Amino acid sequence: MSSTTSEVVPAVDASAAARAEQLKMEANALYAHKHYHEAIEKYTQAIQANPSVAAFYTNRAQCHLFTEAYGAAKEDAEKAISLDAKFTKGYFRKAAACMAMGDLKEARANFRQVAVMAPGDAVARRKYLECDKLYRRILFESAIDSEADRKRVAETIDLSKYPVAEDYDGPRMPVRKVMVSKDAEEEEGGEPQMVEVDEEYVDLEFVKGIAEWFREQKSLPLRYMYVILVQAESLLRKLPTLVDVAVPSDAIMTVCGDVHGQYYDVLNIFELNGFPSPQLQYLFNGDFVDRGSFSVEVIMLFFALKLLYPDAFFMNRGNHESIGMNQLYGFEGEVRHKYPTQGKRLFDLFQETFEALPIAHLIQGKIFVVHGGLYSRETAKNSGLPDGDGVVRLDELRELPRFHQPQHTKLLNESLWSDPQDQEGRAPSPRGTAIQYGPDVTKEFCATNGLTMVIRSHQQMDEGYEIAHDGQMVTVFSAPNYCDSGTNKGAYIRITPELECTYHKFSAVPHPPVKAMAYANARTLMY
């Protein structure tokens, strides 16, 4: 895999080399204090002064990994390898970047290269074996559970097999009588028959009960997990891909960004802003799970709230509501850890439910809310026409078949992965997928679709939110002290029926001593 030759670059004079070394030391100090964006700028200056040092690129790659610019990290690692084909850190950084982007095959190959080049390095050997094991497991599970012939998990759950234990002393779901259609094939003459059955359901007492139950780090019985997930999947499946939301005259809409399994910060939002109700509506804009180690609690509370208030509690899908991200960033590991006997089946049901989540919401016909952002020209339906303007119309989102993984279509992928940029126009994303887009793209999208603004999430913000693109592009991020590794604040946006927006910042609250990424494969393999 490694090249036998290295790229030859022109030598620099001694003063330039010394200047580059000084810049590297300044960048290292910024990195040590977790000022990753500033460190990237310093490493870039060092590279400009002396582009021949492979370590400058791998150092910058490490900062890119921490800022989730995985595509840029991979490019820097490849440049380092081209400069020095025997530089093991280059292969290690490339492996980490590929791992972060879900390319386990390429990550495995590069971890193996490090292990071959440094046979005495026990850490390199361990990371290769861990990556190889994960790669083979996922490959095996994919082979026996192909999408083509897989029956929906929600249709296979037999709740009679999962009674609630008699000694369970937590919140209990109330039961009501409902009429259901008995299978016509079982009836004489083939006529469907209506029968009365008991059905568990969600009420306010149960929702508030599980909110406190989860606070105490207690788990729901398997039966309730399945009941809530199956009912949520059924409800979400009936929704359009783009949901129109009208805010009642006596209500307020609160839009929150990524919460990433930070359950205790979610509870804090409800304490600061109020518990969800028909008059206090919420829209959580994706990335409910992964990274934080209380993702099961977050998503189950959210699904219960959606069942309780289907017309007042709203959820958009994020890029982390996907199988590839969940296998790497903790959600799969957390589900399997908390429900060891049914972890695989529960995880599959979560994936099915995630695919049913809407992609975007439109508030009062004027505010477009999506997790990632806007679109490349080629994504628009009219881009191939002689007079096409390359602007995606909202109706294209309404028609989007969403029951897939994000990479299924560009429209779905860019909805979940794109980011804004300060520069005009469009550019490839440093994340390694989707695009970055400038204020001109935002202005044209809003004008074409009759919008006043776009609210998106997907990026950590130091102050919890950012207003950009002449006020038409707002980023909101609701996971303060993200991954227990920063000082960023969280934020939420309150929107009146007249579309007046107020921005509210908040700090992180303590959580039980379970570190972020505790269940993540990526944690041990990337850093």
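Definitions and limits used
Residues numbered from 1 in each chain as written. Predicted model: local features only at pLDDT ≥ 70, side-chain atom pairs only at ≥ 80, totals over all residues. Heavy atoms only, no water. Helix = DSSP H or I, 4+ residues; strand = E, 2+ residues; numbered from the N terminus. Rg over C-alpha atoms; globule rule 2.2 N^0.38 Å. Buried < 20%, exposed > 50% of the residue type's maximum accessible area, 1.4 Å probe, protein only. Contact = heavy atoms within 4.5 Å. Areas by Shrake-Rupley, 256 points an atom, 1.4 Å probe, with all protein chains shown as cover. Lys, Arg positive; Asp, Glu negative; His and termini not counted. Charge placed at Lys NZ, Arg CZ, Asp CG, Glu CD. Phe/Tyr/Trp six-rings, centres within 6.5 Å; stacked < 30°, edge-to-face > 60°. Pairing = 2+ DSSP bridges. Expected span 1.5 Å × (residues − 1). Salt bridge = Lys/Arg side-chain N within 4 Å of Asp/Glu carboxyl O. Core = buried A, V, L, I, M, F, W, Y, C linked by side-chain atoms within 4.5 Å. Axes fitted to C-alpha atoms, helices over the stretch in contact; angles between N-to-C directions.

### Focus: the overall build of the protein
So, step 1. When helices and strands are tallied, the protein shows 18 helices and 16 strands.
So, step 2. Since a compact globule built from 527 residues should have a radius of gyration of about 24 Å, the 25 Å found for the protein is in line with a globular shape.
So, step 3. Along the first, second and third principal axes, the C-alpha set of the protein runs to 90 × 55 × 50 Å.
So, step 4. Within the protein, the proportion of its 527 residues that are buried is 54%.
So, step 5. Across the protein, the fraction of contacts at a sequence separation of at least 24, relative to all contacts at a separation of at least 6, is 69%.
So, step 6. Of the accessible surface of the protein, which amounts to about 22900 Å², a share of 51% is contributed by carbon and sulfur atoms.
So, step 7. Computing the positive centroid from 57 side-chain charges and the negative centroid from 74, the protein places the two 6 Å apart.

### As for helix α10 (residues 263-273)
So, step 1. With nine of eleven residues buried, α10 lies mostly within the body of the structure.
So, step 2. Within the sequence span of α10, burial applies to Y263, Y264, D265, V266, L267, N268, I269, F270 and N273.
So, step 3. Looking at the buried residues of α10, the elements they touch are α8 (204-215), β4 (252-256), β5 (280-284), α11 (295-308), β15 (490-495) and β16 (501-506).
So, step 4. Phi turns positive, to about 115 degrees, at G274, one or two residues after α10.

### Things to note about the packing of aromatic side chains
So, step 1. For the structure shown, the criterion picks out 28 aromatic pairs.
So, step 2. Both rings, one in Y263 and one in Y264, keep their centres 5.5 Å apart while their planes meet at 85 degrees; by these two values the pair is edge-to-face.
So, step 3. Residue classification places Y263 among the buried positions, given a relative accessible area of 1%.
So, step 4. Its relative accessible area of 10% is what places Y264 among the buried residues.
So, step 5. Seen from their ring centres, F270 and F275 are 5.5 Å apart, and the 70 degrees between their planes marks the pair as edge-to-face.
So, step 6. Judged by relative accessible area, F270 falls into the buried class, the value being 6%.
So, step 7. On the basis of relative accessible area, F275 is assigned to the partly exposed category, the value being 23%.

### Structural notes on the pairing of strand β8 (residues 367-370)
So, step 1. Here β8 shows no split at all, with I367 and V369 on one side and F368 and V370 on the other all buried.
So, step 2. Two strands pair when backbone bridges link them, and strand β7 (residues 360-363) and β8 are joined in this way by four bridges, in the antiparallel orientation. By the bridge assignment for β8, A360 is matched with V370.
So, step 3. Here β7 folds back onto β8 in antiparallel fashion, the turn holding three residues, of which Q364 has a positive phi close to 55 degrees.
So, step 4. Judged from the three bridges that link them, β8 and strand β12 (residues 453-456) form a sheet pairing that is parallel. By the bridge assignment, F368 is partnered in β12 with V454.

### Re the pairing of strand β14 (residues 473-476)
So, step 1. Burial along β14 is two-sided: M473 and T475 facing one way and V474 and V476 facing the other are all buried.
So, step 2. Pairing geometry for β12 and β14, over three bridges, is parallel. Bridging across to β14, V454 finds its partner in M473.
So, step 3. Alignment of strand β13 (residues 465-468) against β14, held across four bridges, turns out to be antiparallel. Considered in β14, the bridge of A468 is made with M473.
So, step 4. In sequence, β13 turns back onto β14 through a hairpin of four residues, with H469 there showing a positive phi of about 50 degrees.

### Structural notes on α8
So, step 1. When the terminal C-alpha atoms of α8 are compared, their 17 Å separation across twelve residues agrees well with the 16 Å that a helix rising 1.5 Å per residue should span.
So, step 2. In this structure, the buried residues of α8 make contact with α9 (222-237), α10 and α11.
So, step 3. Once α8 ends, the next one or two residues include Q217, with phi positive near 60 degrees.

### A word on the side chain of R93
So, step 1. For R93, the location among the structural elements is in helix α5 (residues 88-100).
So, step 2. One buried charged residue, R93, remains without a salt bridge, the closest side chain of opposite sign being D76 at 9.1 Å.
So, step 3. Beyond its immediate chain neighbours, meaning those up to four positions away, R93 contacts T58, A61, Q62, L65 and A77.

### What about the nonpolar core?
So, step 1. Residues L220, I299, F302, F303 and F350 are the most contacted members of the largest nonpolar core, which totals 66 residues.
So, step 2. Per-element accounting of this core gives the leading share, eleven residues, to α11.
So, step 3. For I299, the contacting residues outside a window of four places in its chain are F288, V289, M315, F331, F350 and F354.
So, step 4. In terms of nonpolar packing, the next biggest core, distinct from the first, is built from 58 residues, A100, Y135, Y329 and A360 among them.

### Comments concerning the sheet that holds β14
Paired through backbone hydrogen bonds, the strands of a sheet run either parallel or antiparallel to each other.
So, step 1. Pairing is mixed across the open sheet formed by six strands, whose spatial order is β3-β7-β8-β12-β14-β13. Looking along the sheet, the strands with just one partner apiece sit at the ends: β3 (242-245) and β13. When the angles between neighbouring strand axes are averaged without regard to direction, this sheet yields 20 degrees.
So, step 2. Of the strand pairs in this sheet, β3 and β7 are connected by four bridges, and their pairing is parallel.

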